[in-house]
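Fold and contact review
Take a look at the letters that make up each chain.
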Number of protein chains: 2
Amino acid sequence: MAVIYERVALIGLGLIAGSMALAIRRAGLADEVVGYAKSAESREIAREIGLCDRVCESAAEAVDGADLVVLCVPVGVMDEVAKEIGPALKKGATVSDVGSVKRTVIDAVAPYVPDDVHFIPAHPLAGTEHSGPRSGFAELFDNRYTIIVPVEGSDPAAVERLAELWRGMGALIEEMDPDHHDLVLAVTSHTPHLIAYTMVGVADDLRRVTDSEVIKYSAAGFRDFTRIAASDPVMWRDVFLNNKDATLEILGRFTEELFALQRAIRQGDGDHLHDYFTRTRAIRRGIIEAGQDTDAPDFGRIKAGRD
Amino acid sequence: MAVIYERVALIGLGLIAGSMALAIRRAGLADEVVGYAKSAESREIAREIGLCDRVCESAAEAVDGADLVVLCVPVGVMDEVAKEIGPALKKGATVSDVGSVKRTVIDAVAPYVPDDVHFIPAHPLAGTEHSGPRSGFAELFDNRYTIIVPVEGSDPAAVERLAELWRGMGALIEEMDPDHHDLVLAVTSHTPHLIAYTMVGVADDLRRVTDSEVIKYSAAGFRDFTRIAASDPVMWRDVFLNNKDATLEILGRFTEELFALQRAIRQGDGDHLHDYFTRTRAIRRGIIEAGQDTDAPDFGRIKAGRD
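Here the structure is a predicted model, which is why all the values come from computation and not from measurement.

Scanning chain A from terminus to terminus reveals 12 helices and nine strands. Within chain A, the proportion of its 307 residues that are buried is 57%. For chain A, long-range pairs separated by at least 24 residues make up 75% of all intrachain contacts whose partners lie at least 6 apart in sequence.

This paragraph deals with the interface of chain A and chain B. Listed per partner, the contact involves 97 residues of chain A and 97 residues of chain B. Mapped onto the side of chain A that touches chain B, the elements with two or more residues apiece are α7 (178-205), α8 (211-216), α9 (222-228), α10 (233-242), α11 (244-267) and α12 (270-289) of chain A. With 19 residues, the top contributor of residues to the side of chain A that touches chain B is α7(A). Among the residues forming the side of chain A that touches chain B, the class breakdown is 51 nonpolar, 23 polar and 23 charged.

Of the transformation superimposing chain A on chain B, the axial component is 0.0 Å and the angular component is 180 degrees, with the fit at an RMSD of 0.0 Å. As the rotation angle and translation indicate, the two copies are arranged about a two-fold axis.

Time to look at the sheet that holds strand β9 (residues 172-175) of chain A. Residues and elements named next belong to chain A. If you trace the three strands from one edge of the open sheet to the other, you get β7-β8-β9, paired in mixed fashion. Looking at strand neighbours, the two that pair on one side only are β7 (122-124) and β9, the edges of this open sheet. Averaged over all adjacent pairs, the angle separating strand axes in this sheet is 20 degrees, with direction ignored.

All right, on to the nonpolar core then. One finds L10(A), I11(A), V69(A), L10(B), I11(B) and V69(B) to be the most contacted residues of the largest nonpolar core, which totals 217 residues. Dropping the residues within four chain positions of it, I11(B) is found in contact with Y36(B), A59(B), A62(B), V69(B), V70(B), L71(B), C72(B), V73(B) and V81(B).

Residue and element names in this part refer to chain A. Pairing in this open sheet of six strands is parallel, and the strands run β3-β2-β1-β4-β5-β6 from one edge to the other. On the outer flanks of this sheet lie β3 (54-55) and β6 (118-119), each paired with one strand and no other. Summarising the sheet, strand β1 (residues 5-11) and strand β4 (residues 68-71) pair through four bridges and their orientation is parallel. Residue pairing in the sheet places A9 in a bridge with V69 of β4.

Checked against the element boundaries, G153(A) lands in the loop between β8 (145-148) and α6 (156-168). With 31 residues separating them in the primary sequence, G153(A) and V184(A) have C-alpha atoms 23 Å apart.

In the Ramachandran plot, N143(A) falls in the positive-phi region, its phi being about 65 degrees despite a non-glycine side chain. Relative to the helices and strands, N143(A) is located in the loop between β7 and β8.

We now examine the pairing of β8(A). All names here are of chain A. Here β8 shows a buried face lined by Y145 and I147 and a second buried face lined by T146 and I148. Pairing analysis gives three bridges linking β7 to β8, with the strands arranged antiparallel. Residue pairing across strands places H123 opposite I147, the latter belonging to β8. Here four bridges tie β8 to β9, and the two strands are oriented parallel to one another.

Next up on the list: the domain arrangement of chain A. Accessible area lost when the parts come together is the quantity often used to give the size of an interface. Residues and elements named next belong to chain A. Looking at chain A, the domain boundaries give domain 1 (5-176) and domain 2 (180-289). Computed from C-alpha atoms alone, the centre-to-centre distance between domain 1 and domain 2 is 30 Å. Between domain 1 and domain 2, the residue contacts involve 15 residues of the former and 16 residues of the latter. Broken down by class, the residue content of the side of domain 1 that touches domain 2 amounts to six nonpolar, six polar and three charged.

Across its 20 residues, α12(A) extends 30 Å between first and last C-alpha, which sits within 8% of the 28 Å expected from 1.5 Å per residue. Here α12(A) has its buried residues at L273(A), Y276(A), F277(A), T280(A), I283(A), R284(A) and I287(A). Taken end-on, α12(A) shows its buried residues confined to a sector of 110 degrees, consistent with a single buried face. Looking at α12(A), the residues exposed on the side facing more than 90 degrees away from the buried face are D271(A) and E289(A). Buried positions along α12(A) lie against α11 of chain A together with α7 (178-205), α8 (211-216), α9 (222-228) and α10 (233-242) of chain B. Directly after α12(A), the chain includes G291(A), whose backbone phi takes a positive value near 75 degrees.

This part is about the pairing of strand β5 (residues 94-97) of chain A. Residues and elements named next belong to chain A. In β5, alternate side chains face the same way, and those of T94 and S96 on one face and V95 and D97 on the other are all buried. Each parallel crossover has a hand, and for β4 linked through helix α4 (residues 78-85) to β5 it is right-handed. Note: β5 against β6, two bridges, orientation parallel. Directly across from T94, in β6, lies its bridge partner H118.

Our focus in this paragraph is the environment of V73(B). All names here are of chain B. Assignment of secondary structure puts V73 in the loop between β4 (68-71) and α4 (78-85). What makes V73 buried here is the crowd of 28 C-beta atoms within 10 Å. For V73 and A37, which are 36 residues apart along the polypeptide, the C-alpha to C-alpha distance reads 8.7 Å. Discounting residues that sit within four places of it in the chain, V73 has contacts with I11, G12, M78 and V81.

Time to look at the packing of α7(A) against α11(A). All names here are of chain A. Two elements in contact, α7 and α11, have axes whose closest approach is 9 Å; the angle formed by their N-to-C orientations is 65 degrees. Handedness of the crossing formed by α7 with α11: right-handed. Together, D182, L183, A186, V187, H190, T191 and L194 of α7 and A246, T247, I250, L251 and F254 of α11 make up the contact between the two elements. Looking at side-chain class alone, the contact of α7 with α11 contains eight nonpolar, three polar and one charged residues.

Cut-off values and rules
- Residues numbered from 1 in each chain as written.
- Chains lettered and ligands numbered in written order.
- Predicted model: local features only at pLDDT ≥ 70, side-chain atom pairs only at ≥ 80, totals over all residues.
- Helix = DSSP H or I, 4+ residues; strand = E, 2+ residues; numbered from the N terminus.
- Buried ≥ 20, exposed ≤ 12 C-beta atoms within 10 Å, placed from the backbone.
- Contact = placed C-beta atoms within 7 Å.
- Nonpolar A, V, L, I, M, F, W, Y, C, P; charged D, E, K, R; others polar.
- Least-squares fit on C-alpha atoms with pLDDT ≥ 70 in both.
- Pairing = 2+ DSSP bridges.
- Axes fitted to C-alpha atoms, helices over the stretch in contact; angles between N-to-C directions.
- Core = buried A, V, L, I, M, F, W, Y, C linked by C-beta atoms within 7 Å.
- Domains from an automatic or database assignment.
- Expected span 1.5 Å × (residues − 1).
- Arc of directions from axis to C-beta.
- Right-handed = clockwise from strand over helix to strand, strands pointing away.
- Left-handed = near helix turned anticlockwise from the far one by under 90°.

Listed below in structure tokens is the structure:
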């Protein structure tokens, strides 16, 4: 595959940036990938494992001369990073990000992006329960959607160039406006994560059931919750603080429906329960048909490699 | 491995019974496995794929002469099946079941078990989102817990014999009393399933986010919910109707904690969110260390066979 950006700078060296560095290298999409992380330990690990071509000592140094700068930091610090790199950005460069929330990131970053630099927010819908510079792998984005969220006045050619990079990393591309993105993600990701965290917290708190029982008997359903409830706490704190309205709206719907099911259990209304449980099967079939999951009988147990 | 029961009768030919038939055959644990299902179609499929040695036309016929009878039917019909087979049970035989709830099953079945027959309830904590006679596979119970729930007066030798069968099918064995079993399962399985069903129902109901969007962007967390929300509706209806008290208790705890997190989001209390999300990571580590899940980076996507 051809080089799409001569130099790419990744700010933040966690799961997403690490996977981007490896996916870019896999397909030869850039001549040079430089990186920066706030934590000295992360920079050291990145150097040790050769995650990118060059690890810099400041964000401003990393973006110097870069054709594409991708902010891969928690949503809550996007503004301070943008403020620092703004003056160092190369004319004609593109600034993008990978934040899980788009409206507040746009509001935080846009003011610091010079007029002669493109700003094109994006969000790859991919992740694992692991974090840090060692957690990345080149296949993370394969067959997963990356949503590009152009802002007013985004140059179509610059948008298409960024889309090309993501396609080269294996992703499927969609465009969306920021508010719709934030609502869709509140449904498909943010609220499910909050609920999973809550369920795991409840199990951890019970006195009459020990943690060791919860762990031993987790295969009956609970372990699927623990997997998503093990994600990076800082990232998720920032997601909820920055997608407050949409998350609270979906949570309201959720508790409303949960109370209806709770009442059906209390009243012994088997028909209500059966109808509800039948309806939800159809969505599952759609996900398997769309290639966004497998129907392997027990994926969680089969020894699986990174390939 | 040695034969443990000469003849085993499986009543109900779904995922669990089918997997038992295959696991018993894999290890040579019985001379003959006979089966019965209420649905003529299921019986026909079971015969076609050779699921067991003999498929009978009635439950009473199936249990005739059997040394072990296992009730693998939804919890809500245990009583009517027990009533039918009671008079046909062989003296000295053992009756067991695989129901997800134990207290109500014991109350439903025990009255029909003759004095000269052992009654030893059990519950294998294993399952997939699939159901029906084609869904079974011999590895389902490998390294998963089966909880044996002896009733008052259960003969220790008969209990140990049943445990041997389950070990032969690959399972790890624990004993528990019925009420504690029902509470543990309310935490690790029943409430998580209800919550997953609810979240999928909410997503399906929203007008501003289409089903096709939910399906496309499910990899961001939602798909883990759809997997458990695709389980058999009849089985789950019966679980909630029969484990009402424990499920409602855990649901009460759940909504209490969810409301606290919701308030933290509304008030922008990042510390509360961060602390909560950090605590839940420890349970996840325990599950991986206990061998009840893998930490493969994205198990859901990797092509996994049936071994």
